Amino acid sequence: MAVINFGSINIDHVYQVDQFVQPGETISSSDYQQLLGGKGANQSVALAKAGSEVMHVGRLNELDAHIKQFMIKQGINCKYVTCTETPTGHAIIQVASSGENAIVLFGGANKELGNQDILRALDSANPNDWVLTQNETSAIEKVLQQAKDHDLKVAFNPAPMTDSVKDLPHDCIDLLIVNEVEAAEISGTEDIDQIESYFREYWPHAEVIITLGKQGVRMLCEGETLNVEAFAVEAIDTTAAGDTFIGYFLSAYNQKQDRVTALKRGCAASALAVTKVGASQSIPSTEEVDQFLSQHNS
């Protein structure tokens, strides 16, 4: 049971700062790193590290083929990662001393995914495979529709959130994964109970996961509400925390672990990720997650 991830591949330019730069202000950075990023690539790395078979479908510049090789070394099937003359997508990331981040994103080659890329990847899919996508590439609507045409389960993470998300074919989505900001933008309310009521009414066909940062995670499924607390750790960098959760949760869920176990595993992996600097580089191994859970489960 593989996960076919139609996702972004970015080069992250990460700057450590005391606080986020303000309009008209120039500040110094105490550290700089150039790292693999993009929500799609991060989630593929997390899935692979969690033990899933994952096929990534994406685009990058022909001069950045070393990125594809790095992804392959992480255990990702990159058969459908193709090269183009368009610059690879990239992000400018400020990481403040509080651990919070601010990001400027350039889509680049990620915006060149087309119908042929989708059909080639899905034609090799098996009936029990999942399709995963985010909101950093082109052709998202086609991904959702074609995945459903192939009778595949679809997980969607609408990040970064835009108005276009509301126009997508929601009936094609089996699992929606959002953070509290995205959930508020979709529902039009910031109250978590009202958010739950909204999804119960307008998304009855889908399971919905709402990540709540330090408050943990809430999952709505089959008339049931599941709440799992976050693990208390000292956060250094929250970049890719959500991507890490998604990869580890979906891997466990796809391997038929029960929902609460899968949610706890996602929360544990996410907690470990925020204790390290970077995006894909901060994603823990299965062994690290197992050890963390053995120490924190009573």
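Being a predicted model, the structure only gives us computed values, none of them experimental.

(A) Region of interest: the pairing of strand 5 (residues 77-84). Where strand 4 (residues 53-61) meets strand 5, six bridges bridge the pair, whose relative direction is parallel. Bridging from a neighbouring strand, Leu60 pairs with Cys83 of strand 5. For the segment spanning strand 4, helix 2 (residues 65-73) and strand 5, crossover handedness is right-handed.

(B) Looking closely at the packing of aromatic side chains. Evaluation of the coordinates by the stated rule reveals eight aromatic pairs. For the pair Phe249 and Tyr253, a centre-to-centre distance of 5.1 Å together with 35° between the ring planes defines the contact as tilted. Remark: Tyr253 and Phe249 occur in helix 7 (residues 241-254); sequence separation between them is four residues, near one turn of the helix. Ring-pair connections join several aromatic residues into one group, and the members of that group are Trp130, Phe245, Phe249 and Tyr253.

(C) Local environment of the layout of surface pockets. In this structure, the largest pocket spans a volume of roughly 1500 Å³. Asn101, Asn179, Thr238, Ala241 and Gly242 are, among the 48 residues lining the largest pocket, the residues nearest its centre. For the lining of the largest pocket, the secondary-structure elements that each account for two or more residues are strand 2 (10-17), helix 1 (39-49), strand 6 (89-96), strand 7 (101-106), strand 10 (175-179), helix 5 (180-187), helix 7 and helix 8 (259-273). Broken down by element, the lining of the largest pocket gets its largest block of residues, five residues, from helix 7.

(D) Seen up close, the side chain of Asp174. Tracing the backbone shows Asp174 in the loop between strand 9 (153-156) and strand 10. Using a relative accessible area of 16% as the deciding quantity, one classes Asp174 as buried. At 2.8 Å, the side chain of Asp174 forms a polar contact with the side chain of Lys148. Not counting the four nearest positions on each side in its chain, Asp174 is found in contact with Lys148, Leu152, Lys153, Val154, Ala206 and Glu207.

(E) Here's a closer look at the sheet that holds strand 10. Taken in spatial order, the nine strands make up an open sheet running 5-4-1-8-9-10-11-12-13, and their pairing is mixed. Of all the strands in the sheet, the pair left with one neighbour each is strand 5 and strand 13 (224-228). Strand after strand, the sheet turns through a mean of 15° between neighbouring axes, direction not considered. Summarising the sheet, strand 1 (residues 2-6) and strand 8 (residues 130-133) pair through four bridges and their orientation is parallel. Paired with Ile4 across the bridge in strand 8 is Val131. Set on the sheet, helix 2 makes contact with strand 4 and strand 5; between it and strand 4 the angle comes to about 170°. Those strands touched by helix 7 are strand 1, strand 8, strand 9, strand 10, strand 11 (207-211) and strand 12 (217-221), and its axis lies near 170° from that of strand 8.

(F) Up close: the side chain of Glu207. You can see Glu207 is positioned in strand 11. Classification of Glu207 by relative accessible area gives buried; the value is 12%. At 2.8 Å, the side chain of Glu207 and the side chain of Tyr253 are in polar contact. Glu207 has contacts with Asp174, Leu175, Leu176, Met219, Leu220, Cys221, Tyr253 and Arg259, leaving out every residue within four places of it along the chain.

Cut-offs used in this document
- Residues numbered from 1 in each chain as written.
- Predicted model: local features only at pLDDT ≥ 70, side-chain atom pairs only at ≥ 80, totals over all residues.
- Heavy atoms only, no water.
- Pairing = 2+ DSSP bridges.
- Helix = DSSP H or I, 4+ residues; strand = E, 2+ residues; numbered from the N terminus.
- Right-handed = clockwise from strand over helix to strand, strands pointing away.
- Phe/Tyr/Trp six-rings, centres within 6.5 Å; stacked < 30°, edge-to-face > 60°.
- 1 Å grid on protein atoms, 1.4 Å probe; cavity = no way out; pocket = protein on both sides within 12 Å on 5 of 7 lines; lining within 4 Å.
- Points joined across faces, edges and corners; volume = space filled by probe spheres on them.
- Buried < 20%, exposed > 50% of the residue type's maximum accessible area, 1.4 Å probe, protein only.
- Polar contact = N/O pair within 3.5 Å; in protein donor to acceptor, adjacent residues only side chain to side chain.
- Contact = heavy atoms within 4.5 Å.
- Axes fitted to C-alpha atoms, helices over the stretch in contact; angles between N-to-C directions.

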